[in-house]
Amino acid sequence: MAHEPKDFRRLISECQGFLSEKQLQAHFTLYQGYVKKLNEIESSLQQADREQANYSYSEYSELRRREPVAYNGTVLHELYFENLGAKGGAVPPAFKKAAERALGTWDAAVADLKAMAESAHGWVLVTYDWNFGVVRHNLVQSEHHVGLLPNQTVLIAIDCWEHAYFADYQTKKDAYLNGLFEHLNWGPVAKRLGLTPAGEVKR
Ligand SMILES: [Fe+2]
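Quick caveat, the model's predicted, so the values are computed rather than measured.

So, about the overall build of the protein. Within the protein, the secondary structure is distributed over eight helices and three strands. Reading the secondary structure of the protein in the N-to-C direction produces α-α-α-α-α-β-β-β-α-α-α. Taking the principal axes of its C-alpha atoms as reference, the protein extends roughly 55 × 40 × 30 Å. Every one of the 203 residues in the protein was classed for burial, and the buried ones make up 43%. Residue pairs in contact within the protein that sit at least 24 positions apart in sequence constitute 67% of those at least 6 positions apart. Averaging the coordinates of the 22 positive side-chain charges in the protein and doing the same for the 25 negative ones gives two points 5 Å apart.

What follows is the structure, encoded as structure tokens:
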């Protein structure tokens, strides 16, 4: 079944003063490209000759090797756009508590995310780590999958590729990040957290 790109045009009004319409539309187009490629790969896999599978090259092998790029390019962008929104939302207490337990203080958690974002070209993810029962920060590098840790529920996805901010901020990544932290959409984040044991933490 073909995947359909989701509509995130609400962000054009909600992110005024943070991301321009030009910046967002370019990003939506890029995201839609990943959805298209995911559909192409999944369709081609139905026909590809499994008898020819080979480490060096075969159509089937190459499709499987490229599948995570289109899959994660699709899903991580959807998580990112979902967790952006209007300025001024309050941090859910359970999320703040979980971040404090992981990093010591809220300020330390935010500082760590900014340091990771400065380190990345790729993604910075705040996750719930089912392996160790803690909130974790995960740096995902090239092609949307290098460094992605297993058994994580993504709570916040931060796009740190240049295409996410370059039209508006050029090389001023720190200004993009400052705006992003003001425009996190905490509703979906709280919902994601609620699917994990960390969502039950009360102050
Ligand atoms: Fe992106």
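Following the structure, the description resumes.
Moving on, we come to the coordination of the iron ion. Protein-derived coordination of the iron ion comes from His27 (NE2), His77 (NE2), Asp159 (OD) and His163 (NE2), at a distance range of 1.9 to 2.2 Å. Around the iron ion sit four donor atoms, and with donor-metal-donor angles ranging over 87 to 133° the site reads as tetrahedral. Written as a sequence motif, the donor arrangement for the iron ion is H-x49-H-x81-D-x3-H. For Asp159, a relative accessible area of 0% translates into the label buried.

Turning our eyes to something else, we now look at the packing of helix H5 (residues 106-119) against helix H7 (residues 173-182). In contact at an axis separation of 10 Å, H5 and H7 are set at 140° when each is read in the N-to-C sense. Considered as vectors, H5 and H7 are oriented oblique to each other. In the crossing of H5 with H7, the sense of the turn from one axis to the other is right-handed. Here Val110, Leu113, Lys114, Ala117 and Glu118 of H5 lie close against H7, whose contacting residues are Lys173, Asp174, Leu177, Asn178 and Phe181. Taken together, the residues of the contact of H5 with H7 sort by class into five nonpolar, one polar and four charged.

Moving on, we come to the nonpolar core. Leu19, Tyr80, Phe95 and Tyr176 are the most contacted members of the largest nonpolar core, which totals 51 residues. The element that contributes the greatest number of residues to this core is H5, accounting for six residues. Structurally, this core is a two-domain feature, drawing no fewer than three residues from each of domain 1 (19-82) and domain 2 (93-200). Formed by seven residues, the second largest nonpolar core is a distinct cluster that contains Ile41, Leu45, Leu63 and Ala70.

With that settled, the discussion passes to helix H4 (residues 93-103). For H4, the full list of buried residues reads Ala94, Phe95, Ala98 and Ala99. The arc enclosing the buried residues of H4, seen along the axis, measures out at 130°, which places them on a common side. Opposite the buried face of H4, by more than 90 degrees, sit the exposed residues Pro93 and Arg101. Residues of H4 that are buried make contact with H5, strand E1 (123-129), strand E2 (134-140), strand E3 (152-159) and helix H8 (186-194).

A separate point is the domain arrangement of the protein. The assigned domain composition of the protein is domain 1 (19-82) and domain 2 (93-200). Each partner contributes residues to the interface: domain 1 has 16 residues there, and domain 2 has 22 residues. At the boundary of domain 1 with domain 2, total buried surface from both sides reaches about 1600 Å², with 57% on carbon and sulfur atoms. Here Glu82 and Arg192 are joined by a salt bridge, their closest N and O atoms 3.2 Å apart. Between domain 1 and domain 2 we count 16 residue pairs in polar contact (both at pLDDT 80 or more) in total. For the side of domain 1 that touches domain 2, the element with the most residues is helix H3 (residues 59-82), which contributes ten residues. Each residue belonging to the side of domain 1 that touches domain 2 can be placed in one class, and the counts come to eight nonpolar, six polar and two charged.

Reading the values: the criteria
- Residues numbered from 1 in each chain as written.
- Predicted model: local features only at pLDDT ≥ 70, side-chain atom pairs only at ≥ 80, totals over all residues.
- Heavy atoms only, no water.
- Helix = DSSP H or I, 4+ residues; strand = E, 2+ residues; numbered from the N terminus.
- Buried < 20%, exposed > 50% of the residue type's maximum accessible area, 1.4 Å probe, protein only.
- Contact = heavy atoms within 4.5 Å.
- Lys, Arg positive; Asp, Glu negative; His and termini not counted.
- Charge placed at Lys NZ, Arg CZ, Asp CG, Glu CD.
- Donors = N, O, S within 2.8 Å, 3.2 Å for Na, K, Ca; no water.
- Tetrahedral: all angles 85-135°; square planar, octahedral: opposite > 155°, others 65-115°.
- Axes fitted to C-alpha atoms, helices over the stretch in contact; angles between N-to-C directions.
- Parallel < 35°, antiparallel > 145°, perpendicular 65-115°, else oblique.
- Left-handed = near helix turned anticlockwise from the far one by under 90°.
- Nonpolar A, V, L, I, M, F, W, Y, C, P; charged D, E, K, R; others polar.
- Core = buried A, V, L, I, M, F, W, Y, C linked by side-chain atoms within 4.5 Å.
- Domains from an automatic or database assignment.
- Arc of directions from axis to C-beta.
- Buried area = accessible area lost by both parts, 1.4 Å probe.
- Salt bridge = Lys/Arg side-chain N within 4 Å of Asp/Glu carboxyl O.
- Polar contact = N/O pair within 3.5 Å; in protein donor to acceptor, adjacent residues only side chain to side chain.

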